[in-house]
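Structure at a glance
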Amino acid sequence: MKYIKYIAFFVALLCADLLSTDSFAQIVPDTALTDPIPLAAEIKADTSINMDSVLEIAPPHLPFEPIPKRAGLYAAIIPGAGQLYNRQYWKIPIVIAGLGTAVYFFQDNLQFYQSYRKAYLQREQDPNNRTLYPRYEKEQLKQLQNNYRQNMDMTVLFGVLGYAAQILDAVAAAHLKNFDVSRDISMNMSPVASPNGIGFGLVMNFK
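Residues numbered from 1 in each chain as written. Predicted model: local features only at pLDDT ≥ 70, side-chain atom pairs only at ≥ 80, totals over all residues. Heavy atoms only, no water.

Scanning all chains against the criterion turns up nine aromatic pairs. Between F64 and Y85 the ring centres are 5.9 Å apart and the planes differ by 75°, which places this aromatic pair in the edge-to-face class. Residue F64 is found in the loop between α3 (37-57) and α4 (68-77), and its partner Y85 is found in helix α5 (residues 81-85); the two are separated by 21 residues along the sequence. Residue class for F64 comes out partly exposed when judged on its relative accessible area of 25%. Classification of Y85 as buried rests on a relative accessible area of 16%. (Phe/Tyr/Trp six-rings, centres within 6.5 Å; stacked < 30°, edge-to-face > 60°. Helix = DSSP H or I, 4+ residues; strand = E, 2+ residues; numbered from the N terminus. Buried < 20%, exposed > 50% of the residue type's maximum accessible area, 1.4 Å probe, protein only.)

Have a look at this one:
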């Protein structure tokens, strides 16, 4: 009888334990006990949505696209400003040096032209007046005057051409700023089937 009491007590405890486990299973859903991953998946999904919104707010960096008309206008106002706008800084010293050389030779030729012209006018008014360039005759002074005037005109012409060239360069460089020359342009030979037979064809790829 003593052992029967202990056995009955042990069975009662086991039944109570089983009843408590079933009640806990009814209170807590099965998914919460067996699969805690959906909660982490939801957090990850929310995180991805936030990252996409951040990418939409901050677009990728785009290359600089100069406007040709604006580049030409800047170059027309100030020589070299169009190259500065196009970010071709190495061209600015070339433009300044070219136009500076034209200005220097123009002033130099103008100075000699005015000097010989003044001497020629003095000699024409008074043939005996040899205060300026006494070793030259009147005809020689006239020839020197004409030569320096021609040099001055040529300097002006080249200066105007250089001024126009730097404007055209600024406009063309703005058009070709982001022109991609690294694309696949290839040529190869491949067999080609035709009604007359099999031969070789020339294939060119422009992508």
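Once you've had a look at it, read on.
For the chain, the average pLDDT comes to 75, and 57% of its residues sit at 70 or higher. Confidence drops under a pLDDT of 50 for residues 17-41, and excluding neighbours within four residues, the segment shows five contacts in the predicted structure. Segment residues 43-49 is flagged for pLDDT under 50; beyond a separation of four residues in sequence, or across chains, it makes zero contacts in the model. (pLDDT = per-residue confidence, 0-100. Contact = heavy atoms within 4.5 Å.)

The next subject is the packing of α4 against helix α7 (residues 138-175). When two helices pack together, their arrangement is given by the angle between the helix axes and the distance between those axes. Relative to each other, α4 and α7 sit at 155°, their axes nearing to 8 Å. When the axes of α4 and α7 are compared, the pair comes out roughly antiparallel. In the crossing of α4 with α7, the sense of the turn from one axis to the other is right-handed. Across the interface between the two elements, P68, A71, G72, A75, A76 and I77 from α4 touch Y163, Q166, I167, A170, V171, A174 and H175 from α7. Residue composition of the contact of α4 with α7, grouped by class: 10 nonpolar, three polar and no charged. (Axes fitted to C-alpha atoms, helices over the stretch in contact; angles between N-to-C directions. Parallel < 35°, antiparallel > 145°, perpendicular 65-115°, else oblique. Left-handed = near helix turned anticlockwise from the far one by under 90°. Nonpolar A, V, L, I, M, F, W, Y, C, P; charged D, E, K, R; others polar.)

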